[in-house]
Amino acid sequence: MISKSQRAFKKAYLTTVLSFLCICLSAISGFAQDKKAKSLLDEVTAKVRSYNNISIEFKYSLQNSRENVNQESKGSVILEGDKYLLNFMGTTKLFDGKKVYTIVPEDEEVSISKYDDNDSNAITPSKMLTFFNSGYKYYWDILQNVKGRKIQYIKLVPTSSKDQRKEVLLGIDVQTKHIYNMIESGKNGTKTTLTVNSFKTNQPLSKNQFTFVASKYPNYYINKLD
């Protein structure tokens, strides 16, 4: 059984990773400050919206030299519209379009909560579109050659002084118009990076891909949060 502090840490990681993924895959259509950047982002958005589903494998890292923190984790996610299936740090998070299921094998527990469309903290790909439509200035940044791939970066700077993020760098593969990585720098010296290792589209999915089946977890405690 993990402690409350460990559970909170894992929950924070899951939320942060899902936010990153949502931003990477669908939250890039609301910027209108830089024509050059907007043109590239529009291409990425059109490409993403042309797919029926997206399956990716990713690496997530967190670094803070001040606190001597250097952690890395790997995960995977399948997205189809607003629905998603995220596997990360031994936990599965499933959203079927109505409810969110958080499955923690280590605790033998499933937490079920309703999705509230009016909740500004609720995280889905479509919610990220609205979230990033305001509150950021962005700039055309550097072009890097990463293992033979040309990665164009766009810098996003929060306009609110209360935002704990100093800046966010969004890396886009110039050839495929897919997100390669996202680097978030915090004011406290923390840097989090999500790198997409595998990006597959229009994969054959089971009709129950985003359906929670309680019978698969006979000995689990079902925690209905609302």
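These numbers come from a predicted model, not from an experiment.

What counts as what
Residues numbered from 1 in each chain as written. Predicted model: local features only at pLDDT ≥ 70, side-chain atom pairs only at ≥ 80, totals over all residues. Heavy atoms only, no water. Helix = DSSP H or I, 4+ residues; strand = E, 2+ residues; numbered from the N terminus. Buried < 20%, exposed > 50% of the residue type's maximum accessible area, 1.4 Å probe, protein only. Areas by Shrake-Rupley, 256 points an atom, 1.4 Å probe, with all protein chains shown as cover. Contact = heavy atoms within 4.5 Å. Core = buried A, V, L, I, M, F, W, Y, C linked by side-chain atoms within 4.5 Å. Phe/Tyr/Trp six-rings, centres within 6.5 Å; stacked < 30°, edge-to-face > 60°. pLDDT = per-residue confidence, 0-100. Salt bridge = Lys/Arg side-chain N within 4 Å of Asp/Glu carboxyl O. Pairing = 2+ DSSP bridges. Axes fitted to C-alpha atoms, helices over the stretch in contact; angles between N-to-C directions. Expected span 1.5 Å × (residues − 1). Arc of directions from axis to C-beta.

**Here we look at the overall build of the protein**
Phase 1 of the analysis: Per the secondary structure count, the protein includes three helices and twelve strands.
Phase 2 of the analysis: Evaluated residue by residue, the protein yields a buried proportion of 45% over its 226 residues.
Phase 3 of the analysis: On the protein, roughly 12600 Å² of surface is accessible, and the fraction owed to carbon and sulfur atoms is 47%.

**Let's talk about unusual backbone geometry**
Phase 1 of the analysis: You will see that Glu108, though not glycine, has its phi angle at about 50 degrees, which is positive.
Phase 2 of the analysis: For Glu108, the position within the fold is in the loop between β5 (99-104) and β6 (109-114).

**Some points on the side chain of Thr92**
Phase 1 of the analysis: Summarising the element assignment, Thr92 is placed in strand β4 (residues 91-95).
Phase 2 of the analysis: Aside from chain neighbours lying at most four places away, what touches Thr92 is Leu85, Leu86, Asn87, Tyr101, Thr102 and Ile103.

**Some points on the nonpolar core**
Phase 1 of the analysis: Ranked by size, the top nonpolar core spans 28 residues in total, and within it Tyr84, Ile154 and Ile172 carry the most contacts.
Phase 2 of the analysis: The leading source of residues in this core is helix α2 (residues 35-49), at five residues.
Phase 3 of the analysis: Once you skip the residues sitting within four places of it in the chain, Ile154 turns out to touch Ala37, Leu40, Leu41, Tyr138, Tyr139, Asp141, Val168, Leu169, Leu170 and Ile172.
Phase 4 of the analysis: Core analysis: the next-biggest nonpolar cluster, separate from the first, contains ten residues, Leu85, Leu94, Ile103 and Tyr220 among them.

**Focus on the packing of aromatic side chains**
Describing an aromatic ring pair means giving the distance of the ring centres and the angle of the ring planes.
Phase 1 of the analysis: Per the stated rule, a full pass over the model turns up seven aromatic pairs.
Phase 2 of the analysis: Measuring from centroid to centroid gives 5.6 Å for Phe212 and Tyr217, while their planes differ by 5 degrees, and the two rings are stacked.
Phase 3 of the analysis: Of the residues examined, Phe212 reaches a relative accessible area of 16% and is grouped as buried.
Phase 4 of the analysis: Grouped by ring-pair contacts, the aromatic residues Tyr101, Phe212, Tyr217 and Tyr220 constitute a single cluster.

**What about the confidence of the model for the protein?**
Phase 1 of the analysis: Scored by pLDDT, the protein comes out at a mean of 81, with 77% of its residues at no less than 70.
Phase 2 of the analysis: Ignoring residues within four places in sequence, the model shows residues 125-133, a span with pLDDT below 50, making 29 contacts including any to other chains.

**Quick notes on the pattern of salt bridges**
Phase 1 of the analysis: Going through the model one piece at a time under the given rule, you end up with six salt bridges.
Phase 2 of the analysis: Of the charged contacts, one joins Asp141 and Lys155 as a salt bridge, the two residues approaching to 3.9 Å between their closest N and O atoms. With Asp141 in strand β7 (residues 136-146) and Lys155 in strand β8 (residues 149-158), the pair connects residues that are 14 residues apart, well separated along the chain.
Phase 3 of the analysis: Here Arg149 makes a salt bridge to Asp173, at a shortest N to O gap of 2.8 Å. Placement of the pair is Arg149 in strand β8 and Asp173 in strand β9 (residues 165-173), with a sequence separation of 24 residues.

**Comments concerning the sheet that holds strand β12 (residues 221-224)**
Strands in a sheet are paired, the pairing made by backbone hydrogen bonds, and the direction either parallel or antiparallel.
Phase 1 of the analysis: Taking strand neighbours across the sheet as the criterion, the twelve strands line up as β7-β8-β9-β10-β11-β1-β2-β3-β4-β5-β6-β12 in an open arrangement whose pairing is mixed. Edge positions in the sheet fall to β7 and β12, since each of these pairs with one other strand and no more. When the angles between neighbouring strand axes are averaged without regard to direction, this sheet yields 15 degrees.
Phase 2 of the analysis: Across six bridges, the pairing between β5 and β6 is antiparallel.

**A few points about α2**
Phase 1 of the analysis: The terminal C-alpha atoms of α2, which comprises 15 residues, lie 21 Å apart, in line with the 21 Å expected from a rise of 1.5 Å per residue.
Phase 2 of the analysis: Along α2, the residues classified as buried are Ala37, Leu40, Leu41, Val44, Thr45 and Val48. Relative to the axis of α2, the buried residues are bounded by an arc of 140 degrees and lie together on one face. Residues of α2 that are exposed and point more than 90 degrees away from the buried face comprise Lys35, Lys36, Ala46 and Arg49.

**Digging into the pairing of strand β10 (residues 179-186)**
Phase 1 of the analysis: Of all eight residues that make up β10, eight are buried, and the element is covered over most of its length.
Phase 2 of the analysis: Two strands pair when backbone bridges link them, and β9 and β10 are joined in this way by seven bridges, in the antiparallel orientation. Across the sheet, Arg165 pairs through a bridge with Gly186, a residue of β10.
Phase 3 of the analysis: Count of turn residues in the β9/β10 antiparallel hairpin: five residues, of which Lys177 carries a positive phi of about 65 degrees.
Phase 4 of the analysis: Relative to strand β11 (residues 191-201), β10 runs antiparallel, the two sharing five bridges. Its bridge partner being in β11, Asn181 is matched across the sheet by Thr195.
Phase 5 of the analysis: Connecting β10 to the next strand, β11, in antiparallel fashion are four residues, including Gly189 with a positive phi near 95 degrees.

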